[in-house]
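# Secondary and tertiary structure notes
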Amino acid sequence: MTEDEHTVKVDRPQAGAADPADHTLVVRRARPKPAADDATLAVARKPSLLEERVAGRRRGIAPPPAPVLPESAIEAVGPGAVDVYWPRPVPPAPVAPTPTDDEPRERTDGRAIPSVNLRGQRGARLVLALFAVACVASLGGLALLASLIV
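## Structural notes on the overall build of the chain
Helix and strand counts for the chain stand at two helices and zero strands. Evaluated residue by residue, the chain yields a buried proportion of 0% over its 150 residues. When the accessible surface of the chain is split by element, carbon and sulfur atoms take 62% of a total near 16400 Å².

## A word on the UniProt feature "transmembrane region" (unreviewed entry) in the chain
In the UniProt entry, the feature "transmembrane region" (unreviewed entry) is given for residues 126-149. Structurally, residues 126-149 comprises 100% helix and 0% strand, and the distance from its first C-alpha atom to its last is 35 Å.

## Details of a nonpolar patch on the surface
On the surface, L139, L142, L144, L145 and L148 cluster together into a nonpolar patch covering about 560 Å² of accessible area. When you line up the elements, L148 lands in helix 2 (residues 116-149).

## Concerning the environment of K9
Residue position: K9 is located in the segment before helix 1 (49-57). Placed 14 residues apart in sequence, K9 and H23 show a C-alpha to C-alpha distance of 9.2 Å.

## Brief notes about helix 2
Between its terminal C-alpha atoms helix 2 stretches 50 Å, which fits the 50 Å expected from 34 residues at 1.5 Å a residue. Of the residues flanking the start of helix 2, the one acting as N-cap is S115, its side-chain oxygen 3.3 Å from the backbone nitrogen of N117.

Conventions we followed
- Residues numbered from 1 in each chain as written.
- Predicted model: local features only at pLDDT ≥ 70, side-chain atom pairs only at ≥ 80, totals over all residues.
- Heavy atoms only, no water.
- Helix = DSSP H or I, 4+ residues; strand = E, 2+ residues; numbered from the N terminus.
- Buried < 20%, exposed > 50% of the residue type's maximum accessible area, 1.4 Å probe, protein only.
- Areas by Shrake-Rupley, 256 points an atom, 1.4 Å probe, with all protein chains shown as cover.
- UniProt positions renumbered as here; feature names shortened; annotations may be inferred.
- Patch = residues over 30% accessible without salt bridge, like charges linked within 9 Å, V, L, I, M, F, W, Y side chains within 5 Å.
- Salt bridge = Lys/Arg side-chain N within 4 Å of Asp/Glu carboxyl O.
- Expected span 1.5 Å × (residues − 1).
- Polar contact = N/O pair within 3.5 Å; in protein donor to acceptor, adjacent residues only side chain to side chain.

Written out as structure tokens, the structure reads:
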């Protein structure tokens, strides 16, 4: 405890019992009195045009009106509104012809049909060749510019 601290710890017995050794000090501090005249002037003013516009816009968004449903079923209107749809029969699918032993079975030559894999590889080689030509052309152009500047 420091010397400038004047707090005294008090063990209080039960409520209502008076202890003569109680050295608790009750301090009531005076509240500052309000100044008699603080020079505040109340002025009534008309709201500005902007405040009126903003105040007029502030309104809640109303939910859309609920649809009005009839209390009972109504009869449909129009020609054929109450006709019943009956599904039509589906014709059977055509059967593929079966080869007979009289017809010779032929197999097409696989080399005549281009492979997708080979076609992709040819395209990739072409793109790489074009890229190499573009690199050589750009290096030639840079060398030409460098020779003109120097």
